[in-house]
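# Residue-level structure breakdown
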Amino acid sequence: MTYKKLSEQVHELSNPQRSDTFVKMFRDAVRDGKFEAAYMPERFTMPKQFTRRGSEGTYQRDTKEMLFETTPKFDKWFDEVNRELAAARKGGTIKPSVEAIEAGLVDFKQMAAETRKKMQASYEKGQALGQTRSKTKRK
C-alpha cells in the first residue's frame, strides 16, 4: 500500500486557486466511500490565495491534513476532478477585452453575431415605432 498526504496531492492540481474546492470534493468522496482516507493531527496551508472584499492583500487558509491510499481508482478520480477544476469556472464570465480575444478566451465571431442581433432588434424596434406613429391621425 502506498499512502499520500492530502497536502501533497493538492500541489499536483493544475490550478492551485481551486485547492479549496478540491479539498471539499475530496472530503465528499471520502464520505461517499469512493476511497479511504483518515484525518491526521496536523494542519496544512492550502496554496489558494484568498482576497477579502474591500481590502488590500491576500491570505491563505489552513485545513486538516488527511492521509489516503493511492489506488488506481483514486488516480482515475483525481484525473477527472483535476481536469474539471482546471477548466474555467462556470460562474465567472471573462470580460471581453482585446487581450482576452487575442488569447482566444473570448469568441470574437460569437460576440460579433450577438452585436449584430442586438443592432437588428434595435433597428426593427425603431422602425415599428415609426410605423405606429405615422398611422395615428394628427388632429
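Above this text is the structure in question.
Here's a quick rundown of the structure. (Residues numbered from 1 in each chain as written. Predicted model: local features only at pLDDT ≥ 70, side-chain atom pairs only at ≥ 80, totals over all residues. Heavy atoms only, no water.)

Scanning the protein from terminus to terminus reveals 5 helices and 5 strands. In the protein, the succession of α and β elements from N to C terminus is β-α-α-β-β-β-β-α-α-α. The C-alpha atoms of the protein give a radius of gyration of 26 Å, which is well past the 14 Å a tight globule of 139 residues would have. Here the protein holds 139 residues, and 22% of them are scored as buried. Contacts spanning at least 24 positions in sequence make up 61% of the contacts within the protein whose residues lie at least 6 apart. Carbon and sulfur atoms make up 52% of the accessible area of the protein, which amounts to about 10,900 Å² in all. Charged side chains in the protein number 29 positive and 20 negative. The centres of these two groups are separated by 16 Å. (Helix = DSSP H or I, 4+ residues; strand = E, 2+ residues; numbered from the N terminus. Rg over C-alpha atoms; globule rule 2.2 N^0.38 Å. Buried < 20%, exposed > 50% of the residue type's maximum accessible area, 1.4 Å probe, protein only. Contact = heavy atoms within 4.5 Å. Areas by Shrake-Rupley, 256 points an atom, 1.4 Å probe, with all protein chains shown as cover. Lys, Arg positive; Asp, Glu negative; His and termini not counted. Charge placed at Lys NZ, Arg CZ, Asp CG, Glu CD.)

On to the nonpolar core. Judged by nonpolar contacts, the single largest core of 18 residues is most densely connected at Leu6, Val10, Phe22, Phe26, Phe35, Phe74 and Trp77. Looking at this core, the elements with two or more residues in it are α1 (6-10), α2 (19-31), β5 (62-69) and α3 (72-86). Contact partners of Phe26, with chain neighbours within four places excluded, come to Leu6, Phe35, Ala37, Met66, Phe68, Phe74 and Trp77. (Core = buried A, V, L, I, M, F, W, Y, C linked by side-chain atoms within 4.5 Å.)

Moving on, we get to α3. Over its 15 residues, α3 extends 21 Å from the first C-alpha to the last, a length consistent with the 21 Å expected when each residue adds 1.5 Å. Turning to α3, its buried residues number three or more, namely Phe74, Trp77, Phe78, Val81, Asn82 and Leu85. Angular distribution of buried residues about the axis of α3 spans 130°; they occupy a single face of the element. Exposed and oriented more than 90 degrees from the buried face of α3 are Pro72, Lys73, Lys76 and Arg83. (Expected span 1.5 Å × (residues − 1). Arc of directions from axis to C-beta.)

This model, assessed by the stated rule, comprises 5 salt bridges. Across the salt bridge formed by Lys4 and Glu12, the nearest N and O atoms sit 2.4 Å from each other. The exposure class assigned to Lys4 is buried, which follows from its relative accessible area of 16%. Its salt-bridge partner being Arg31, residue Asp28 comes within 3.1 Å of it at the nearest N-O pair. One end of the pair, Asp28, and the other, Arg31, are both in helix α2, 3 residues apart, so they sit about a helical turn from each other. A relative accessible area of 25% places Asp28 in the partly exposed class. (Salt bridge = Lys/Arg side-chain N within 4 Å of Asp/Glu carboxyl O.)

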